[in-house]
Amino acid sequence: MAQYLLRRLLIAIPSLLGISVVLFTVLALAPGDPFEELATNPAIPPDVRAALRASLGIDDPVYLRYFRWLAAMLQGNWGFSFVSRVNVDQLILQRLPTTLLIIGASQILALAIALPVGVFSATRPYSVFDQIANTLAFIGFSLPTFFTGLLMILLFSITLGWLPFVYRADIDASGWRWWWEHVRQAIMPVLVLGLFQGAAWTRFVRSAVLDVARLDHVTTARSKGLPEGRVVTRHVVRNALIPVVTLVALQMPAVFGGAIVTEQIFRVPGIGSLLISAILANDTPVIMAVTFVFACLVIFFNLMADVLYGWLDPRISYS
């Protein structure tokens with residue numbers, strides 16, 4: 001296992017380097033200038049503007065700027081935000097826990113919906129429960145997250161007044177009251193992301209279970225007189241989860257993309273909203289760092305999926 005993880009990490013290094021080259025080149029060639037406001041400010045002399053650009057290497061060739069950025073990243077220096085006037089790593093560390101909390105809770109909710117509903121629908125195909133579950137699943141993943149987010153705001157915040165629709169980081173409370181206020185704020189963002197992913201995964205779980213249920217080893221297990229519950233849990237569900245794990249890992253970029261939209265709707269102070277504000281302000285160091293963090297998280301979740309394969313399928317060897 002240790003050798004396998006080491007090999008996977010060594011493979012991830014050139015992947016991250018390639019991603020960083022593409023991201024840096026695209027941002028460097030994109031229109032716009034982080035010092036555009038300084039150029040239009042008559043109070044700043046031209047020589048001061050030129051000296052500032054030269055000190056930050058804005059006018060250097062792209063490849064020199066990339067290698068300078070890469071060397072600084074390896075030393076733990078993620079750059080300096082032109083807008084916030086603070087270090088980029090400080091900005092990300094302030095917002096990353098909120099994003100991971102929202103995404104993690106939503107994925108747990110999605111799996112808690114998809115696994116039991118998908119398995120129960122597959123074991124009773126074309127029943128009333130199966131038809132209702134399929135209809136709700138189609139509706140769930142057909143509606144975009146920004147639309148369901150607005151519907152929840154209209155229902156739970158404006159009409160009923162149960163939940164706040166703006167996520168506030170500075171809550172004036174302590175103890176259990178502080179925890180409860182944070183939970184109330186996170187309910188709607190978690191529901192928006194979790195229901196969307198859960199609806200899509202329910203259909204996939206149902207299809208995977210139906211495919212495995214027709215295999216010969218499942219028929220053999222039933223012919224031996226094993227209880228139906230044991231046949232489903234040990235011989236059907238466990239094998240059906242292998243493609244589900246693949247789907248979850250491959251959909252992580254879409255999950256982070258949906259989180260960016262959801263954070264904007266509910267004003268969640270996460271790295272998704274940080275990325276949007278940095279793009280609007282053309283804050284290149286922040287954009288580069290946040291997108292690189294997203295890439296690292298996607299590769300990490302794919303590595304976790306590879307590890308889960310061995311637990312689900314004993315035929316997979318890590319040697």
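Since this is a predicted model, take the numbers as computed values, not measurements.

Chemist: Looking at this structure, how should I read the environment of Arg168?
Modeler: Residue position: Arg168 is located in the loop between α7 (145-159) and α8 (176-213). Residues Arg168 and Phe266 lie 98 residues apart in sequence; the distance between their C-alpha atoms is 9.6 Å. The residues contacting Arg168, other than those within four sequence positions of it, are His182 and Gln185.

Chemist: In this structure, what is going on with α7? I would like to understand it.
Modeler: Structural remark: α-helix, 3.6 residues per turn; residues separated by three or four positions point the same way. Between its first and last C-alpha, α7 extends 20 Å over 15 residues, near the 21 Å set by a 1.5 Å rise per residue. The largest bend in α7 amounts to roughly 25 degrees and is located at Ile153. Those residues of α7 that sit buried are Thr145, Thr148, Gly149, Met152, Ile153 and Ser157. Looking at the buried side of α7, the elements it contacts are α8 and α11 (252-266). Just beyond α7, the residue with positive phi is Gly161, at close to 70 degrees.

Chemist: Quick question: what am I supposed to make of the pattern of salt bridges here?
Modeler: A side chain with one charge may pair with a side chain of the opposite charge, provided their charged atoms come close. One pass over the structure, following the stated rule, counts 4 salt bridges. The salt bridge involving Glu181 is made with Arg177; its shortest N-O contact spans 3.0 Å. You can see Glu181 and its partner Arg177 sitting in helix α8, 4 residues apart, about one turn around the helix. With a closest N to O distance of 3.2 Å, Arg184 and Glu181 form a salt bridge.

Chemist: Any chance you could explain unusual backbone geometry here in plain terms?
Modeler: With the exception of glycine, most residues fall at negative phi, and the peptide bonds are largely trans. Phi is positive for Tyr126, which is not a glycine, with a value near 65 degrees. Not every positive phi belongs to a glycine, and Arg267 is a case in point at roughly 55 degrees. Looking at where Arg267 falls in the secondary structure, it is placed in the loop between α11 and α12 (271-281). With relative accessibility at 52%, the residue Arg267 sits in the exposed group.

Chemist: What exactly am I supposed to notice about the packing of aromatic side chains here?
Modeler: In this description, an aromatic ring pair is defined by two values, namely the gap between the centres and the angle between the planes. The tally for this structure, following the rule as stated, stands at 10 aromatic pairs. Taken together, a centroid distance of 5.1 Å and an interplanar angle of 90 degrees make the contact between Trp178 and Trp179 edge-to-face. Taking relative accessible area as the criterion, Trp179 reaches 54% and is therefore assigned exposed. Between the aromatic rings of Phe300 and Phe301, the centroid separation amounts to 5.6 Å while the plane-to-plane angle is 65 degrees, which identifies the pairing as edge-to-face. Given the relative accessible area of 27%, Phe301 is considered partly exposed.

Cut-offs applied
Every chain is numbered on its own, with residues counted from 1 as its sequence reads. Confidence filtering applies because this is a predicted model: local features only for residues at pLDDT of at least 70, side-chain atom pairs given and counted only at 80 or more, and all residues used for totals across whole chains, interfaces and linings. Hydrogens are left out, water is left out, and the side-chain values use all remaining heavy atoms of the structure. Helix and strand definitions follow DSSP, with helices as H or I runs of at least four residues and strands as E runs of at least two, each counted in order from the N terminus. Note on contacts: a residue pair qualifies if any of its non-hydrogen atoms lie within 4.5 Å across the two residues. To estimate how far a helix should extend, the number of its residues minus one is multiplied by 1.5 Å. Take the seven residues that end at a residue and the seven that start at it, fit an axis to each, and the angle between those axes is the bend at that residue. Buried residues are those whose accessible area, probed at 1.4 Å on protein chains only, stays under 20% of the maximum for their type, while exposed residues exceed 50% and partly exposed ones sit between those limits. The salt bridge criterion pairs a side-chain nitrogen of Lys or Arg with a carboxyl oxygen of Asp or Glu, the two atoms within 4 Å. Ring pairs are drawn from Phe, Tyr and Trp, using the six-membered ring of Trp, whenever the two centres fall within 6.5 Å, and their geometry is named by plane angle: stacked under 30 degrees, edge-to-face over 60, tilted for the rest.

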